[in-house]
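These are the residues of each chain, in order.
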Amino acid sequence: MNNFFEVNKDAWNKRTIVNKTSAFYDVESFKQGKSSLNKLEFKALGNVEEKSLLHLQCHFGMDTLSWAREGAVVTGIDLSDEAINTAKQLSHKLNIPAEFICCNVYDVLQHIHKQYDIVFTSYGVIGWLPDLDKWAAIIGKALKPGGIFFLAEFHPVIWMFDDNFQYIKYAYHNEAVIKETQTGTYADRNADIQYEEYSWNHSLSEVINALLDHGLSILQFEELNYSYYNCFNNTIRGNDGYWRIKGLENKIPMMYAVKAIKMHG
Ligand SMILES: C[S@@+](CC[C@H](N)C(=O)[O-])C[C@H]1O[C@@H](n2cnc3c(N)ncnc32)[C@H](O)[C@@H]1O
C-alpha cells in the first residue's frame, strides 16, 4: 500500500508545480480576495465563523484559506509536500491564519490533537483512497459530537469512462486498483510532466455506507448533472457557466455532495 501512496505523492508534487501557476487555479484573483469555494459548499456549511474546520486533501490550500477568510479556524492536510509548502507560503503572504500539515489522510489522527466542528473535503479526493471504511472511521474520530462532515465530489459515473468519454472503460464498483501513466494535469493538459498514479473507483453506496457505519447520519445528498470545473476532456460550457460532456449534456451525473452529522461521542 505504501508504494501506491509514494507513487501518488510524486504525481501530486509534479501536478502541484504546474497547478499553482495555472489559469485554472487563478491564484492571482484568489490573492486579491476572490473565494475559491462554490455555491454547493457555501450553501451546505452556511456560517462557519469561529468554527474549527479540518480540510482533508487540501491540495495547495486555496479552499482552506477561503474558509479561513469566512471566519473558520482551519487546518488543512495533504500528502504532497509541494502542495503543503505552497499552502503555507500563501497563508503567510496573505496573512491568513491557517495550520497546514503534510500527511496521508490515513495518518491524520497522529497529527491532530483536537476534534473539529467541521470536516471538509472536495472535488477529486476519494479516488486516491483505497479504503473508505478506514477513511470514514477517521472522519468519525476527528469530528466533535454534533460536528458536520461535508464531501463534494465528482460522480463515480464520470470515472467509468475513458478519458474522452467515448466508451465505458472501468467498473462502477471498486473492483481493483487502477494504474495509469499520465501526462500534463487537468489544470494544464499540455504541461510537460509525466507520472504514474494509482486510483480507486468508489460507488455511492460505498461512500454512504462507510459514513453510516462510523456514527455519521446523512443530512443531505445531492447529484448534479454539471461540473463547476473544466477538468475533463470533451467539455462544453452551458449558459449557466457550468461544464458538461459534449454529447452527454444532462444525461449523466457529474458531481455529488454529502452532508452528514456525527451523532454521538
Ligand atoms: C484534486 S486535489 C484536491 C482538490 C481540491 N479541491 C483542489 O483542487 O484544490 C487532490 C489532493 O489529494 C491529495 N492526496 C492524494 N492522496 C492523498 C492521501 N492518501 N492523503 C492525503 N492527501 C492525498 C493530493 O496530494 C492532492 O493535493
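The following refers to the structure shown. (Residues numbered from 1 in each chain as written. Predicted model: local features only at pLDDT ≥ 70, side-chain atom pairs only at ≥ 80, totals over all residues. Heavy atoms only, no water.)

### Observations regarding the overall build of the chain
Phase 1 of the analysis: Each helix and strand in the chain was counted, giving 7 helices and 11 strands.
Phase 2 of the analysis: Compactness check: the chain gives a C-alpha radius of gyration of 18 Å against a globular reference of 18 Å for 265 residues, within 12% of the reference.
Phase 3 of the analysis: Each of the three principal axes of the chain carries a C-alpha extent, and together these read 45 × 40 × 40 Å.
Phase 4 of the analysis: Expressed as a percentage of contacts within the chain between residues at least 6 apart in sequence, the contacts between residues at least 24 apart total 72%.
Phase 5 of the analysis: Here the chain contributes 25 positive and 32 negative side-chain charges, whose respective centroids are spaced 4 Å apart. (Helix = DSSP H or I, 4+ residues; strand = E, 2+ residues; numbered from the N terminus. Rg over C-alpha atoms; globule rule 2.2 N^0.38 Å. Contact = heavy atoms within 4.5 Å. Lys, Arg positive; Asp, Glu negative; His and termini not counted. Charge placed at Lys NZ, Arg CZ, Asp CG, Glu CD.)

### With respect to the nonpolar core
Phase 1 of the analysis: Ranked by size, the top nonpolar core spans 50 residues in total, and within it L40 and W67 carry the most contacts.
Phase 2 of the analysis: Of all the elements in the fold, those that place two or more residues in this core are α2 (27-31), α3 (39-45), α4 (62-69), α5 (81-94), β4 (116-122), β5 (143-154) and β11 (255-262).
Phase 3 of the analysis: Discounting residues that sit within four places of it in the chain, W67 has contacts with L37, E41, F42, L45, V48, L53, A72, V74 and F120.
Phase 4 of the analysis: With 32 residues, the next largest nonpolar core counts L132, L204, A210 and L211 among its residues. (Core = buried A, V, L, I, M, F, W, Y, C linked by side-chain atoms within 4.5 Å. Buried < 20%, exposed > 50% of the residue type's maximum accessible area, 1.4 Å probe, protein only.)

### Looking at the pattern of salt bridges
Phase 1 of the analysis: In total, this model carries 9 salt bridges according to the counting rule given.
Phase 2 of the analysis: Between E28 and K31 there is a salt bridge; the shortest N-O distance is 3.7 Å. Taken together, the residues span about one helical turn, with E28 and K31 both in helix α2 at a distance of 3 residues. (Salt bridge = Lys/Arg side-chain N within 4 Å of Asp/Glu carboxyl O.)

### Regarding the site of the ligand
Phase 1 of the analysis: Residues in close proximity to the ligand total 18 residues, the closest being Y25, H59, D78, N104 and V105.
Phase 2 of the analysis: Within the contact set of the ligand, a nitrogen atom lies 3.1 Å away from a backbone nitrogen or oxygen of L79.
Phase 3 of the analysis: Across the complex, the protein chains shield 95% of the 600 Å² of accessible surface that the ligand would expose by itself.
Phase 4 of the analysis: Looking at the shell around the ligand, its residues break down into 10 nonpolar, 6 polar and 2 charged. (Near = heavy atom within 4 Å. Polar contact = N/O pair within 3.5 Å; in protein donor to acceptor, adjacent residues only side chain to side chain. Areas by Shrake-Rupley, 256 points an atom, 1.4 Å probe, with all protein chains shown as cover. Nonpolar A, V, L, I, M, F, W, Y, C, P; charged D, E, K, R; others polar.)

### Points about the packing of helix α1 (residues 2-19) against α5
Phase 1 of the analysis: At their nearest, the axes of α1 and α5 sit 7 Å apart, and the two run at 40° to each other. With respect to α5, the element α1 is oriented oblique. Contacts between α1 and α5 involve K9, N13, T16 and I17 from the first element and D81, E82, A83 and T86 from the second. (Axes fitted to C-alpha atoms, helices over the stretch in contact; angles between N-to-C directions. Parallel < 35°, antiparallel > 145°, perpendicular 65-115°, else oblique.)

Purely geometric stuff here, so don't read any function into it on its own.
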